[in-house]
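Okay, here's what each chain looks like letter by letter:
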Amino acid sequence: MTQLEGPQGPLESALITGASRGIGAATAVTLAQAGVRKFLLQFNSYPEGAAEVQAALAKLGAESTLVQANLATVDGIERFCAELKPEWDILVNNAGSLVKRAKLLEYTPELFDEVMNLNVKSVYFITKAIAPGMIERKNGVVINLSSIAARNGGGPGATVYAAAKAAVAAITKGLAKELAPQGLRVNAVSPGTVDNHFHEVFSNRQILDSVVAQTPAGRLSTNEDVSDVVLFLCSPAARYIQGQTIEINGGMYMV
Ligand SMILES: NC(=O)c1ccc[n+]([C@@H]2O[C@H](COP(=O)([O-])OP(=O)(O)OC[C@H]3O[C@@H](n4cnc5c(N)ncnc54)[C@H](OP(=O)(O)O)[C@@H]3O)[C@@H](O)[C@H]2O)c1
């Protein structure tokens, strides 16, 4: 039995992008533990990770389908969306990346498009592909991944990523206004610094130690610190929360 509930009834299935590792993988497991029984898991370059998540879900009694897509290209987004059936109760738009740290003078239009495609365009158009089913059933929950970078402008060479994540927060507000009357609940979560693959690639131990030193909670975030808030937003306790971006950063940045 699912413990999760949308505006008009139980939430039994979930589409999670970027589910091969990190926050997306943890979210899949957290939702399966709460009773979600059917998943579509998107991954890009790490099929082994996606297969591990699929096996973990199977142990929890949940079935899942894996789909590969590069969401940093318009073609990749369009091909992924074209295959989607609007049958999902929960959509977690989680796939995202800094792609590359680059400052203004070295930033190329191609890198700009890649960052915007992956972090913004995919969120909007995957939601467009899934929303018709939620609207028809008058029941659905959409959760987008923003970032602390949207609030503070990002770390070195992350300005465009920060702008993309600010766009995600704005899209979350706009879609909540548009879709709440049709029975959907749209919100976002905004992690601080999560101790996972993302920062293995884009940071180093020195940077992470300085983040810990500036964080009132005295540690980095885990993937589960974030997936538990996604779970909350899928629960009946979140029934009156619309268009919000929930900051999860151990007090590092207080809105
Ligand atoms: N880590 C943090 O500190 C932090 C902070 C704030 C916000 N966030 C946001 O949280 C979300 C999840 O990130 P994470 O921390 O879990 O990072 P992660 O461990 O690096 O995982 C990123 C996920 O996104 C997928 N992805 C990356 N590039 C992609 C592409 N071009 N096309 C399709 N999928 C792609 C990856 O797929 P493959 O591995 O299969 O390539 C992976 O499943 C992202 O939106 C990120 O921006 C993270």
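Residues numbered from 1 in each chain as written. Predicted model: local features only at pLDDT ≥ 70, side-chain atom pairs only at ≥ 80, totals over all residues. Heavy atoms only, no water.

Novice: What am I meant to see in the packing of helix α1 (residues 22–33) against helix α2 (residues 47–59) here?
Specialist: For any two helices packed against each other, one specifies the crossing angle of their axes together with the interaxial distance. Where α1 contacts α2, the axes come no closer than 10 Å and their chain directions differ by 10°. Here α1 is positioned roughly parallel relative to α2, judged by the angle of their axes. Side by side, α1 and α2 meet where Ala25, Ala28, Val29 and Ala32 of the first sit next to Val53, Ala56 and Leu57 of the second. Considered class by class, the residues forming the contact of α1 with α2 number 7 nonpolar, no polar and no charged. (Axes fitted to C-alpha atoms, helices over the stretch in contact; angles between N-to-C directions. Helix = DSSP H or I, 4+ residues; strand = E, 2+ residues; numbered from the N terminus. Parallel < 35°, antiparallel > 145°, perpendicular 65-115°, else oblique. Contact = heavy atoms within 4.5 Å. Nonpolar A, V, L, I, M, F, W, Y, C, P; charged D, E, K, R; others polar.)

Novice: Looking at this structure, I do not really get the nonpolar core. What am I missing?
Specialist: Across soluble globular proteins, nonpolar side chains show a tendency to be buried alongside one another. Ranked by size, the top nonpolar core spans 37 residues in total, and within it Leu15, Leu71, Leu84, Ile126 and Ile130 carry the most contacts. Excluding anything up to four places from it in sequence, isoleucine 130 contacts Leu15, Leu84, Lys85, Pro86, Trp88 and Leu91. Within the second largest apolar cluster, 32 residues are counted, among which are Ala14, Leu57, Ile90 and Cys234. (Core = buried A, V, L, I, M, F, W, Y, C linked by side-chain atoms within 4.5 Å. Buried < 20%, exposed > 50% of the residue type's maximum accessible area, 1.4 Å probe, protein only.)

Novice: Explain the site of the ligand here, please?
Specialist: Around the ligand sit 32 residues in total, of which Ser20, Ser45, Asn94, Tyr161 and Val194 are the nearest. Here a nitrogen atom of the ligand sits 2.8 Å away from a polar atom, N or O, in the main chain of leucine 71. Backbone polar atom of valine 194 to an oxygen atom of the ligand: 2.8 Å apart, as the coordinates give it. Within the complex, the protein chains bury 94% of what would otherwise be the 890 Å² of accessible surface of the ligand. At the level of elements, α1, β4 (38–43), α6 (159–179) and α7 (197–202) are the ones that each hand at least two residues to the shell around the ligand. (Near = heavy atom within 4 Å. Polar contact = N/O pair within 3.5 Å; in protein donor to acceptor, adjacent residues only side chain to side chain. Areas by Shrake-Rupley, 256 points an atom, 1.4 Å probe, with all protein chains shown as cover.)

Novice: It is not clear to me how the packing of helix α4 (residues 109–137) against α6 should be interpreted in this structure. Could you clarify?
Specialist: In contact at an axis separation of 9 Å, α4 and α6 are set at 15° when each is read in the N-to-C sense. Regarding the angle of α4 to α6, the classification is roughly parallel. Regarding α4 and α6, the two cross each other, and that crossing is right-handed. Residues Phe112, Val115, Met116, Asn119, Val120, Val123, Tyr124, Thr127 and Ile135 of α4 form the contact with α6, whose participating residues are Val160, Tyr161, Ala163, Ala164, Lys165, Ala167, Val168, Ile171, Leu175 and Leu179. (Left-handed = near helix turned anticlockwise from the far one by under 90°.)

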